[in-house]
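Inside the fold
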Amino acid sequence: MRVTGLLLLVAHLSTVGWLTLRPRTVPWVPAANLEPLATIRAELAHGPSWEVVQHLGGSILLLAPLGVLLPLSAGRLNVSPLVSLTRTAFAGAMIALAIELLQSGVPGRVPDVDSVLLGTLGVAVVHLAVVPRARRRLRRRYGDLGAATPTIPRVGLAPQADALSGSRTYL
């Protein structure tokens, strides 16, 4: 499950990088937006239209698959839903921020703080919609695979290989 998640994550991030970091040939470029919600307010001020839905929805949907791919690549079944949401949303925000920072050096691309906000929103919404139910279903199917580490009788300690394992993931 982890390998599949990692392969899909790399494929998705490669596609996002290709879509967002290609130079564009445009006659003019607007100034960078560093004021939160300014672009969203400006889009909504034009009234409901297909272009508004495309612009705002595209920003939300671009990174939305990360809401599933990040926890899938970690492969953990027994984790608190709140902790998982927090970690996934934070990782999505950092990826969105990295994309916006890299766009500042690409001709024809303009960084926009609202893209970071909308991308993070998309990651969080998809995570909330899919991951808790999927984990619940997998736990029912495979039982309690992540039960407490067995301890050595009469000592009460976990075996050293389990206690010092470096293979733990935190997403």
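Everything discussed here concerns the structure shown above.
So, a few notes on the structure that sits alongside this text.

About the cut-offs
Residues numbered from 1 in each chain as written. Predicted model: local features only at pLDDT ≥ 70, side-chain atom pairs only at ≥ 80, totals over all residues. Heavy atoms only, no water. Helix = DSSP H or I, 4+ residues; strand = E, 2+ residues; numbered from the N terminus. Buried < 20%, exposed > 50% of the residue type's maximum accessible area, 1.4 Å probe, protein only. Contact = heavy atoms within 4.5 Å. Areas by Shrake-Rupley, 256 points an atom, 1.4 Å probe, with all protein chains shown as cover. Expected span 1.5 Å × (residues − 1). Bend = angle between axes of the 7 residues up to and from the residue. Phe/Tyr/Trp six-rings, centres within 6.5 Å; stacked < 30°, edge-to-face > 60°. Lys NZ or Arg CZ within 6 Å of the ring centre and 35° of its normal. Salt bridge = Lys/Arg side-chain N within 4 Å of Asp/Glu carboxyl O. Arc of directions from axis to C-beta. Core = buried A, V, L, I, M, F, W, Y, C linked by side-chain atoms within 4.5 Å.

**Focus: the overall build of the protein**
When helices and strands are tallied, the protein shows seven helices and zero strands. In the protein, the order of α-helices and β-strands from amino to carboxyl end is α-α-α-α-α-α-α. The burial tally for the protein puts 30% of its 171 residues in the buried class. Pairs at least 24 residues apart make up 78% of the contacts formed inside the protein by residues separated by at least 6 positions. Summed over its atoms, the accessible surface of the protein is roughly 11000 Å², and 67% of this surface lies on carbon and sulfur atoms.

**Things to note about helix H3 (residues 50-63)**
With 14 residues, H3 extends 20 Å from end C-alpha to end C-alpha; this agrees with the ideal 20 Å at 1.5 Å per step. Approximately 30 degrees is the largest bend angle found in H3, and it occurs at Gly57. Among the structural elements, helix H1 (2-20), helix H2 (38-45), helix H4 (66-74), helix H5 (81-103) and helix H6 (113-142) are those in contact with the buried residues of H3.

**Some remarks on the packing of aromatic side chains**
Given two aromatic rings, one states the distance between the centres and the angle between the planes to describe the pair. Counted by the stated rule, this structure contains zero aromatic pairs. The residue whose ring lies beneath Arg22 is Trp18, and the NZ or CZ to ring-centre distance is 4.1 Å.

**Here we look at the pattern of salt bridges**
For the coordinates displayed, the defined rule picks out one salt bridge. A salt bridge links Arg41 to Glu35; its shortest N-O distance comes to 3.8 Å. Accessibility expressed as a relative area gives 46% for Glu35, which makes it partly exposed.

**With respect to H1**
Here H1 contains 19 residues, and its C-alpha end-to-end distance of 26 Å stays within 8% of the 27 Å for a straight helix at 1.5 Å per residue. Regarding H1, the residues found buried are Gly5, Leu9, His12, Val16 and Thr20. Buried residues along H1 cover an arc of 70 degrees about the axis, so they all sit on one side. Seen from the buried face of H1, the exposed residues on the opposite side, beyond 90 degrees, are Val3, Leu7, Val10 and Trp18.

**Focus: the nonpolar core**
Residues Leu9, Val16, Leu63, Leu66, Leu69, Leu70, Ala91, Ala96, Ile99, Val116 and Val123 constitute the largest nonpolar core, which totals 11 residues. Looking at this core, the elements with two or more residues in it are H1, H4, H5 and H6.

Keep in mind that these numbers describe shape and distance, not what the molecule does.
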